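Results of the structural survey
Chain by chain, the residues:
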Amino acid sequence: MLVFVINCGSSSIKYQLFDMPEKRVLARGVLERIGETGSAVLTHRAGDGKWNFEVDAPDHRAGLDFILRTLTTGETGVIKDLSEIKAVGHRVVHGGESIREAVVIDADVEAVIARCAELAPVHNPPNLMGIRTARDVLPACVQVAVFDTAFHHTLPKKAYLYALPLELYEQHGIRKYGFHGTSHEYVAVEAAARLGRPLSACNLITCHLGNGCSMTAIEGGRSVDTSMGMTPLQGLMMGTRSGDLDPAVLVHLLRNGWVADAAELDRLLNRKSGLAGISGIGNDMRTLEENMDANPRALLAVEMFCHRVRFYLGGYLALLGTCDAIVFTGGIGENDHIARAVVLSGLEALGITLDADVNEAMIRGRTGAITTPDSRIPAFVIPTDEEGMIASRTYDLAK
Ligand code: AMP
């Protein structure tokens, strides 16, 4: 069965076409700069081929039409006819409290996604647009939504509530929801397989460290705490997001007129902070590490990033009491041996003994332990596969 996975952003569509259940990727790509001045740009890969096209895509509908033509025609094509695609899996960021797992999309599900746009204004509206566009263009397909928040539906109240007046939760849904759930769940399943135990018998700490970063404490296979909050801004320091800070800072900034309004505050916290805000030279960890010997701000940004990860690691070790494995994933988690070494060094008393050489040799795409064989708690690097997970969930529901 062919399953088409779509991750629709405000100006982009990422896609992968899977042959299920083998999870064979027939084609994948990303269309960027949709609706922006000048042409959109499609990067498409199939087999050993890679193509770049400039595309006239004033909106997502035009963009998706072009992607589907690319899949069906000429040398870029991998299928003869769109009718070969039987299901579409959509990544949806926010499913609120009511959605606890992947679902076939109907009017009720769409209404929930629309309502949750209030909590995820950057992500849910384009996700919904992707769903509506795909339904128009591929009307015979089952449409499935897989939610970033779903894996965290098991958070206990003591973990998801903020210490605000309870009415704000009851009336407005102000609470921690957590994100990156598909990635945390995927690497947790893989880690359990490595440990040779069912996931339900595993306590894990999963670290998704990419441009967005979050960590999750998993007890008996269930998410019991996670570092992102009501929105993906809380928790760790990220590429351009501040992560945790004293909420009084926001009051102070507004009261003194150092930010004009909520929109500017939002930009400051989500786009101008994090690694980019501290280093002053960008949000890319590679650039910071290349410059950290000569540039004290780049060094400071890397040190702060690792400090926060260690802080959450310690907290989650205490929350869980016992931990069977720590997992690193995401662009930084999978590739950055420097950050991993800073995070895990000197933790022998807590049962974690890093193998520095193995860690350094663990490069892109590799999976494995980076701790010594006698480390009481192993740490693994496991490349995430959110699209593959979405394809599996979609296949399960569609078949
Ligand atoms: P993601 O959002 O998961 O694609 O991750 C993006 C982040 O991964 C960026 O900050 C990149 O700088 C970082 N990254 C990718 N490759 C490396 C690498 N080899 N070393 C350090 N950071 C990396």
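Structure shown above.
Conventions and cut-offs
- Residues numbered from 1 in each chain as written.
- Predicted model: local features only at pLDDT ≥ 70, side-chain atom pairs only at ≥ 80, totals over all residues.
- Heavy atoms only, no water.
- Helix = DSSP H or I, 4+ residues; strand = E, 2+ residues; numbered from the N terminus.
- Expected span 1.5 Å × (residues − 1).
- Polar contact = N/O pair within 3.5 Å; in protein donor to acceptor, adjacent residues only side chain to side chain.
- Contact = heavy atoms within 4.5 Å.
- Phe/Tyr/Trp six-rings, centres within 6.5 Å; stacked < 30°, edge-to-face > 60°.
- Buried < 20%, exposed > 50% of the residue type's maximum accessible area, 1.4 Å probe, protein only.
- Near = heavy atom within 4 Å.
- Areas by Shrake-Rupley, 256 points an atom, 1.4 Å probe, with all protein chains shown as cover.
- Axes fitted to C-alpha atoms, helices over the stretch in contact; angles between N-to-C directions.
- Parallel < 35°, antiparallel > 145°, perpendicular 65-115°, else oblique.
- Left-handed = near helix turned anticlockwise from the far one by under 90°.
- Nonpolar A, V, L, I, M, F, W, Y, C, P; charged D, E, K, R; others polar.
- Pairing = 2+ DSSP bridges.
- Core = buried A, V, L, I, M, F, W, Y, C linked by side-chain atoms within 4.5 Å.
- Disulfide = S-S within 2.5 Å.

Once that is clear, we can look at helix H11 (residues 296–320). For H11, which comprises 25 residues, the first-to-last C-alpha distance of 36 Å matches the rise-based estimate of 36 Å (1.5 Å per residue) to within 8%. At the N-terminal end of H11, a side-chain oxygen is found 2.9 Å from the backbone nitrogen of Arg297, two or three residues along, and the residue is Asn295.

On to the side chain of Asp148. By the secondary structure assignment, Asp148 is in the loop between strand S8 (142–147) and helix H4 (157–160). At a separation of 2.6 Å, a polar atom in the side chain of Asp148 contacts the side chain of Arg91. Here Asp148 is in contact with Arg91, Val92, Val93, Gly178, Phe179, His180, Gly181 and Thr182, once residues within four sequence places are set aside.

As a further point, take the packing of aromatic side chains. Within the structure shown, the criterion is met by 5 aromatic pairs. Taking 6.0 Å as the distance between ring centres and 65° as the angle between the ring planes, the aromatic pair formed by Phe53 and Phe66 counts as edge-to-face. Here Phe66 lies in helix H1 (residues 60–72) and Phe53 lies in strand S5 (residues 49–55), a separation of 13 residues in the sequence. Residue class for Phe53 comes out partly exposed when judged on its relative accessible area of 26%.

Looking at the secondary structure, you find Pro156 in the loop between S8 and H4. Note on Pro156: relative accessible area 28%, which makes it partly exposed. For Pro156 and Ala192, which are 36 residues apart along the polypeptide, the C-alpha to C-alpha distance reads 22 Å.

What surrounds the ligand is the set Gly210, Asn211, Asn283, Asp284, Met285, Arg286, Gly330, Gly331, Ile332, Asn335, Asp336 and Arg364. Bound to the protein, the ligand loses 72% of the 500 Å² it would expose on its own. Of all the elements in the fold, those that place two or more residues in the shell around the ligand are helix H10 (285–291) and helix H12 (330–335). Broken down by element, the residue count for the shell around the ligand peaks at 4 residues, all from H12.

On to the packing of H1 against helix H3 (residues 124–137). Contact geometry for H1 and H3: axes closest at 10 Å, N-to-C directions at 50°. Taken as axis vectors, H1 and H3 run oblique relative to one another. As for how H1 packs across H3, the hand of that crossing is right-handed. Residues His60, Arg61, Leu64, Asp65 and Leu68 of H1 pack against Met129, Thr133, Ala134, Asp136 and Val137 of H3. The residue inventory of the contact of H1 with H3, partitioned by class, reads 5 nonpolar, 2 polar and 3 charged.

On to the sheet that holds strand S3 (residues 24–32), then. The 8 strands are arranged S5-S4-S3-S2-S1-S6-S8-S7 in an open sheet whose pairing can be described as mixed. The open sheet is flanked by S5 and strand S7 (103–104), the only strands paired with a single partner. Here 7 bridges tie strand S1 (residues 2–8) to strand S2 (residues 13–19), and the two strands are oriented antiparallel to one another. Paired with Cys8 across the two strands is Ile13, which belongs to S2.

Relative to S5, strand S4 (residues 40–46) runs antiparallel, the two being bridged by 7 bridges. Residue pairing in the sheet places Ala46 in a bridge with Gly49 of S5. Linking two consecutive strands that pair antiparallel, namely S4 and S5, is a turn of 2 residues; a positive phi of about 55° is found at Gly47 within it.

Attention now goes to helix H15 (residues 386–398). In this model H15 runs 18 Å from its N-terminal to its C-terminal C-alpha over 13 residues, within 8% of the 18 Å that 1.5 Å per residue would give. Residues Glu386, Gly388, Met389, Ile390, Ala391, Ser392, Thr394 and Tyr395 constitute the buried set of H15. In the core, the buried residues of H15 are packed alongside S1, S2, strand S6 (85–92), S8, helix H6 (181–195) and strand S9 (204–209).

Moving on, we come to the nonpolar core. Counting 44 residues, the largest nonpolar core has Ile205, Phe305, Ile326, Phe328 and Leu344 as the members making the most contacts within it. For this core, the secondary-structure elements that each account for two or more residues are S9, strand S10 (213–219), H10, H11, strand S12 (325–329), helix H13 (337–344) and strand S14 (379–381). Considering every element that reaches this core, the biggest residue donor is H11, with 11 residues. Ignoring any residue separated from it by four or fewer positions in sequence, one finds Ile205 in contact with Met215, Thr216, Leu313, Tyr316, Leu317, Leu320, Cys323, Ala325, Ile326 and Val327.

Quick look at the state of the cysteines now. All told, the structure shown has 0 disulfides when counted by the stated rule. The thiol sulfur of Cys202 is not disulfide-bonded, and the nearest other cysteine sulfur, from Cys323, lies at 9.8 Å. On the accessibility criterion, Cys202 (0% relative accessible area) is buried. Sulfur of Cys323: no disulfide; nearest cysteine sulfur belongs to Cys207 and is 9.2 Å away.

As a packed pair, helix H2 (residues 107–115) and H3 sit with axes 8 Å apart at the nearest point and diverge in direction by 155°. The angle between the axes of H2 and H3 places the two elements in the roughly antiparallel class. Note on packing geometry: the crossing formed by H2 with H3 is left-handed. Of H3, the residues touching H2 (which contributes Glu110, Ile113 and Ala114) are Asn124, Leu128, Ile131, Arg132 and Arg135. Taken together, the residues of the contact of H2 with H3 break down into 4 nonpolar, 1 polar and 3 charged.

Read these as layout, nothing more, since geometry by itself doesn't imply function.
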